[in-house]
Amino acid sequence: MPADITIAAMIVSVLSLTLVGGVLFLRAPGEKRPFLGMLVLLMLPMNALAFHLIRMPLDAWLASALGRQNEVYHALSLLYAPITEEPAKLWPLLIPYCYLRLKSLPVHRSALAIGLGFGVGEAWTVACLLAKSPEIAKYPWYMLNGYIGERVMVCIMHAAFTAAALVLIVKHRRVARGMLACMALHLLGNLPIFLAKKNTFGLGTGLWAIVLQLWVLLYFAAMGGLLAYITYGKRWFQKLIRGKVRCPECGQLYTHPLLGLSLLHKNYERCPHCRHWHLVNAFAEEDQQASPPHTADK
């Protein structure tokens, strides 16, 4: 691959493993980390395998049967990613050891590990495909920020798809519903890309580019909300905005202030009692048990 697209893929890998992987492994109990790390490693080659061993042969067969200009062929091509990638992320469920471990873990942790590994692997697959384009190859790595940002966000999106499937398959033993749920979410995410290629509604290339950028941001937020809902329950948004938390320094309970900095599941905010700024859990009071105020060593 050209050096610049390789650098961009490396940046995606470092950012994803640092941001998503950092949150995942720092929050996970020590004894769970080896299995979560194994899930990340198992997922790294799965996108490339699904693409080259299943998607490409399927595309060749449909193209020969229907013709590449056929409208039915174009409609069916929209299903490629959901029907090939989602099963590729869930294959560890076929291994009894992995199934039992996944059953014992919180769904969001397993999903984040799977989404992280699969997303990083997909970033390299996409980079290899982009490298074949002379138009893309001429750009320096620092102008590929669209690719970099989107690929990092895709790790969270894949985690959300997988979380929806794991809730239904592992927790409720609804295998068919779980597969359909993750495929439907994936399909919904890709649908505007298909509509843009067809210039649906006659919006034109420029306007569709803006629509796609807005869609990626909104869809990313929606999938982050889905993960938060699966992790913290239906009151997650209320807890995030105006929930109660216990100050880690003075031990007093207070409501999240409107002035603060949100960092995923953490808030950097000021306690109204001791008037000190702290990094606190944004969602659950029970995650921060009351503790006596810190005192100076004597």
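Above this text sits the structure in question.
What this report covers is the structure whose coordinates are included nearby. (Residues numbered from 1 in each chain as written. Predicted model: local features only at pLDDT ≥ 70, side-chain atom pairs only at ≥ 80, totals over all residues. Heavy atoms only, no water.)

Tallied over the full model, the rule gives six salt bridges. Its salt-bridge partner being Lys-138, residue Glu-135 comes within 3.4 Å of it at the nearest N-O pair. Look at Glu-135 and you get partly exposed, because its relative accessible area is 42%. Between Glu-150 and Arg-151 there is a salt bridge whose closest N-O contact spans 3.0 Å. On the basis of relative accessibility, which here comes to 9%, the residue Arg-151 falls in the buried class. (Salt bridge = Lys/Arg side-chain N within 4 Å of Asp/Glu carboxyl O. Buried < 20%, exposed > 50% of the residue type's maximum accessible area, 1.4 Å probe, protein only.)

Our focus in this paragraph is the pairing of strand E5 (residues 277-281). Remark: a regular strand shows side chains that alternate across the two faces of the sheet. As defined by bridge partners, strand E4 (residues 266-270) adjoins E5 across five bridges and the pair is classed as antiparallel. From the neighbouring strand, Asn-267 faces E5, where its bridge partner is Val-280. (Pairing = 2+ DSSP bridges. Helix = DSSP H or I, 4+ residues; strand = E, 2+ residues; numbered from the N terminus.)

So, about the packing of helix H2 (residues 33-43) against helix H7 (residues 107-131). One can describe the packing of H2 onto H7 by two numbers: an axis separation of 7 Å at closest approach and a directional angle of 35°. Here the hand of the crossing between H2 and H7 comes out right-handed. In contact with Leu-36, Leu-39, Val-40 and Met-43 of H2, H7 contributes Arg-109, Ser-110, Ala-113, Ile-114, Leu-116, Gly-117 and Phe-118. Looking at side-chain class alone, the contact of H2 with H7 contains eight nonpolar, two polar and one charged residues. (Axes fitted to C-alpha atoms, helices over the stretch in contact; angles between N-to-C directions. Left-handed = near helix turned anticlockwise from the far one by under 90°. Contact = heavy atoms within 4.5 Å. Nonpolar A, V, L, I, M, F, W, Y, C, P; charged D, E, K, R; others polar.)

Time to look at empty space enclosed by the protein. The method is simple in principle: a probe with the dimensions of a water molecule rolls over the atoms, and the space it marks as empty is what remains. Using the criterion set out here, one finds one cavity of 30 Å³ or more in the structure. Roughly 30 Å³ of volume is contained in the largest cavity. In this structure, the largest cavity is lined by Pro-2, Asp-4, Ile-5, Ile-136, Ala-137, Tyr-139 and Leu-144. Broken down by secondary-structure element, the contributors of at least two residues to the lining of the largest cavity are helix H1 (3-27) and helix H8 (134-137). (1 Å grid on protein atoms, 1.4 Å probe; cavity = no way out; pocket = protein on both sides within 12 Å on 5 of 7 lines; lining within 4 Å. Points joined across faces, edges and corners; volume = space filled by probe spheres on them.)

Remember, this is a structural readout, not a statement about activity or role.
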